[in-house]
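Chain by chain, the residues run as shown.
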Amino acid sequence: MTTSIVTNHKATPIRHAIHSADVFSRRGKFSHLPCKLNVKQSVETVQLWAKIKNTRTTMTTAFATPHENDEGERSGSHACSDEQVFVPLENNYSSNDLDEEAAGSLPESGSGVFQMVEHSVNLASLLDKLKALHLHVLASEQWNASRLKLCHNNYVESAKNLIHYLALKCLDIEPLKDDLALISLLNLEMVNSSVLASLTTCIELLENLQLNSSRTGKDVSAGISTQGKLYHQKNGNFTINTMRMKACLNRELLLGPLQGSRCTHIMTTVGEEALESETLITDLIKAGTSIIRINCAHGSPESWSEIIRRVKRSSQMLEAPCRILMDLAGPKLRTDNLKPGPCVVKVSAKKNATGKVIFPAQVWLSHKGAGAPPPHLSPDAVLFIDDENFFTVVKVGDSLRFFDARGKKRMLKISRVFHVFSGTGFMAECTRTAYVSSGTELYIKRKKDRLPVGQVVDVPPRESSIRLRVGDLLIISRDSTCGEDNSYGHVSGAYRITCSSGYLFDAVKPGERIAFDDGKIWGVIKGTTSSEIVVSITHAGLRGTKLGSQKSINIPDSYIRFKGVTSKDLVDLEFVKSHADMVGVSFIRDTHDIIVLRQELEERKLQNLGIVLKIETKSGFEKLPLLLLEAMKSSNPLGVMIARGDLAVECGWERLADIQEEILSFCGAAHIPVIWATQVLESLVKSRVPTRAEITDVASGRKASCVMLNKGRHIVEAISTLDNILNSNSRQMKAEVKSLVPSSHLV
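Residues numbered from 1 in each chain as written. Predicted model: local features only at pLDDT ≥ 70, side-chain atom pairs only at ≥ 80, totals over all residues. Heavy atoms only, no water.

Draft legend 1. Geometry of helix H19 (residues 656-670). In this model H19 runs 21 Å from its N-terminal to its C-terminal C-alpha over 15 residues, within 8% of the 21 Å that 1.5 Å per residue would give. Of all the 15 residues making up H19, 13 are buried; the element is thus mostly covered by neighbouring parts of the structure. Downstream of H19 by a residue or two, His671 has a phi angle that is positive, lying close to 60°. (Helix = DSSP H or I, 4+ residues; strand = E, 2+ residues; numbered from the N terminus. Expected span 1.5 Å × (residues − 1). Buried < 20%, exposed > 50% of the residue type's maximum accessible area, 1.4 Å probe, protein only.)

Here you go:
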């Protein structure tokens, strides 16, 4: 095939066009294909005169011929630099295999269809635009050839498809979308998983409509092997079915195979609270959990080991595979621990608006060795008694008298008895507010008898917090000893907390915003020194919002040069390599973080350890295509987690919905599984009552490969609900709709 370029100077400029040349050599190779995927400039229409078997046809492309003064840009490497930012749209794609069904779907009366299509749109013009788009996609692959060569063999086709998708999205193709929608042929918003194959098939279908219009009554397939072959791939690596299988394989390599009829994995975060119940891990797996997540920011290697031991034991016992993901803490900014509060637990009944008790407080009583209450119970308070013999004389209906921490006389009435793991437990009711501390004595009152006394032990200290209101001043100190005594009280008109990370004090400036606890509290920085930051609170709840220990700090207006992998992460990685199937990498910001991680994994010979990139910063989102391409240089199974808590604070709440769709779309093009995380069914987990918005959010989570739940009191029930939503089908609805259609019209 020979080509020549003719420029039409009267053409209307095309917005967002790629700056490249579409020159083929006699061997069909690209001779020069510079391409900047983020360039937005006007270009002139270029016509390619293609000579095929002694015939000459014309097609219009959306490429500009580079000028001579562009030579410097050709030789430079900035087009593939890490500073390149791509802005994609849309979401994942799942379709039937168009490659196999295209020819069979053409109608016999091709001329009639052609006339209808021509009446709707200019078919020849539409075909030219699609061919130009096809060449544009191929050009982007050639321009990124050096980057693609560095990808591991497992990811080469997926990386190429990602480049194809980015090339498609950098153009203004809205008019083309509308034209294709008129003839119901192709939705360009849903081709991200197989860009090249979808474009090729669409071009072949349109060409066959043209051919069939002049060959009425002849064999339809006769025209398929003519011009369509010009655009058909040389091998089957980019067929729609192949791309779908690649996405499926990548998902299974990272997350494991799906069990039964399930179509989405469920991940559950667990912490040291899982060790308080012998059955919790088993209940989680029974309810539908297929991946357990452990956050290395909390707990110790000893507790992690015990959790993992229980997971493996329960998984084998239930014959239900369950993988382990361990999240490295990363360089996250957090408040330091506040001074511990008093060791007292508040027992409070539920009251109506007039103060009348409508439901007594439920209190669990047991010996320390008996373990936690059964998972189906949700007590308001848990009290452990030191004397095991005390429970041998207690029975349902007994009243336990005591004086609380304030010296108030109070009573617990035994309502139910339960046989737990290694002993007996009781559920008691309390109708009046009480503050119970360690050392509180309980005695049984029966008529005139006063039976043995039991003593409350091991009441944990209350979690300390400060309540911030709009207008309050907050001082953040670098030194944890400065404000130990003023952590939860006003001192000189200001509250005080500490943050030991020096990154915070080196980066912020007056006037910048700062957020706490995933955006529950916002403030503006009024002043800074090398050791203190003064913040004026601008957003909090009407009655104030509590800020406690180990809560997140976000500074979206500031730039912090974190280390991608901290010294703590390296220590934890030694544990991860022996115990986990996947490692979560927090606060990924640029490709340098990926390079450092890959070096650490190679040094430890962890080529099979799954890697989950947590996207929770603005920089991580904007550079996601580059992060994926960099991560694809290793053989490790790869995935992405949408950490929506920090991401919403960093990028803005109003953008979160669009951002998570764009991440899904990016990863769909790269055939990388996505984990949908943060605040999934949070109300259900905490209070047993979900919101309607949460249910809708979970339904949207079906687009991801995995949905993650965080720990909470009603976590088992939440997992069961999540499993039902994710894997529900509409058979009942289909049956009801089917009854509305006459049977003679059913196909």
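Additional details are given in the paragraphs that follow.
Draft legend 2. Just the nonpolar core, in detail. Core analysis: the largest hydrophobic core is formed by 106 residues, its most contacted members being Met326 and Ile663. Split by domain, the residues of this core number at least three in each of domain 1 (123-209 + 230-255) and domain 2 (265-331 + 562-727). When near neighbours in sequence (up to four residues on either side) are disregarded, Ile663 contacts Ile615, Phe621, Leu624, Val640, Ile642 and Leu647. Counting 26 residues, the second largest nonpolar core, distinct from the first, contains Ile466, Leu504, Ala540 and Ile555. (Core = buried A, V, L, I, M, F, W, Y, C linked by side-chain atoms within 4.5 Å. Domains from an automatic or database assignment. Contact = heavy atoms within 4.5 Å.)

Draft legend 3. Main features of the pattern of salt bridges. Enumeration over the complete set of coordinates arrives at 30 salt bridges. Lys160 is paired through a salt bridge with Glu141; the nearest N and O atoms lie 3.8 Å apart. Highlighted residues: Lys160 in helix H6 (residues 156-169) and Glu141 in helix H4 (residues 123-143), separated in sequence by 19 residues. Relative accessible area serves as the criterion here: at 22%, Lys160 is assigned to the partly exposed category. (Salt bridge = Lys/Arg side-chain N within 4 Å of Asp/Glu carboxyl O.)

Draft legend 4. Quick peek at the sheet that holds strand E6 (residues 265-269). Pairing is parallel in the closed barrel, where eight strands are placed in the order E6-E7-E8-E28-E29-E30-E31-E32. Each neighbouring strand pair of the sheet contributes to a mean axis angle of 25°, computed without reference to strand direction. Each of strand E29 (610-615), strand E30 (638-643) and strand E31 (674-677) touches helix H18 (residues 644-651); the most contacted strand, E30, lies at about 60° to it. (Pairing = 2+ DSSP bridges. Axes fitted to C-alpha atoms, helices over the stretch in contact; angles between N-to-C directions.)

Draft legend 5. Up close: the packing of helix H15 (residues 591-603) against helix H17 (residues 624-631). Contact geometry for H15 and H17: axes closest at 9 Å, N-to-C directions at 20°. Compared by their axis directions, H15 and H17 come out roughly parallel. Note on packing geometry: the crossing formed by H15 with H17 is right-handed. Contacts from Thr591, Ile594, Ile595 and Arg598 of H15 reach H17 at Leu626, Leu627, Glu630 and Ala631. (Parallel < 35°, antiparallel > 145°, perpendicular 65-115°, else oblique. Left-handed = near helix turned anticlockwise from the far one by under 90°.)

Draft legend 6. Local environment of unusual backbone geometry. The phi dihedral of Glu319 is positive, around 55°, even though this residue is not glycine. Position of Glu319 relative to the elements: it lies in the loop between helix H11 (301-318) and strand E8 (323-327). According to the relative accessible area criterion, Glu319 is exposed, its value standing at 71%. A positive phi angle, near 75°, is found at Arg688, a position not held by glycine. Relative to the helices and strands, Arg688 is located in the loop between helix H20 (682-687) and helix H21 (692-700). Residue classification places Arg688 among the partly exposed positions, given a relative accessible area of 38%.

Draft legend 7. Local environment of the sheet that holds strand E21 (residues 473-477). Read across the open sheet, the six strands follow the order E22-E21-E25-E24-E23-E27; overall the sheet is mixed. Every interior strand has two partners, whereas the edge strands, strand E22 (494-498) and strand E27 (553-554), have only one. Across two bridges, strand E23 (residues 513-516) lies against E27 in antiparallel orientation. Bridged to Ala515 within E27 is Asn554.

Draft legend 8. Layout of the packing of aromatic side chains. The tally for this structure, following the rule as stated, stands at four aromatic pairs. Plain terms: the ring middles of Trp364 and Phe418 are 6.0 Å apart, the flat faces sit at 40° to each other, and that makes the pair tilted. Of this pair, Trp364 sits in strand E12 (residues 361-367) while Phe418 sits in strand E15 (residues 409-420); the two residues are 54 residues apart in sequence, bridging distant segments of the chain. Taking relative accessible area as the criterion, Trp364 reaches 0% and is therefore assigned buried. A relative accessible area of 17% means that Phe418 is categorised as buried. Relative to Phe426, the ring of Phe391 has its centre 5.8 Å away and its plane inclined at 10°; by these criteria the two rings are stacked. On the criterion of sequence distance, the pair formed by Phe391 in helix H12 (residues 390-393) and Phe426 in strand E16 (residues 423-430) is long-range, its members being 35 residues apart. Three or more aromatic residues joined by ring pairs form one cluster here, namely Phe390, Phe391 and Phe426. (Phe/Tyr/Trp six-rings, centres within 6.5 Å; stacked < 30°, edge-to-face > 60°.)

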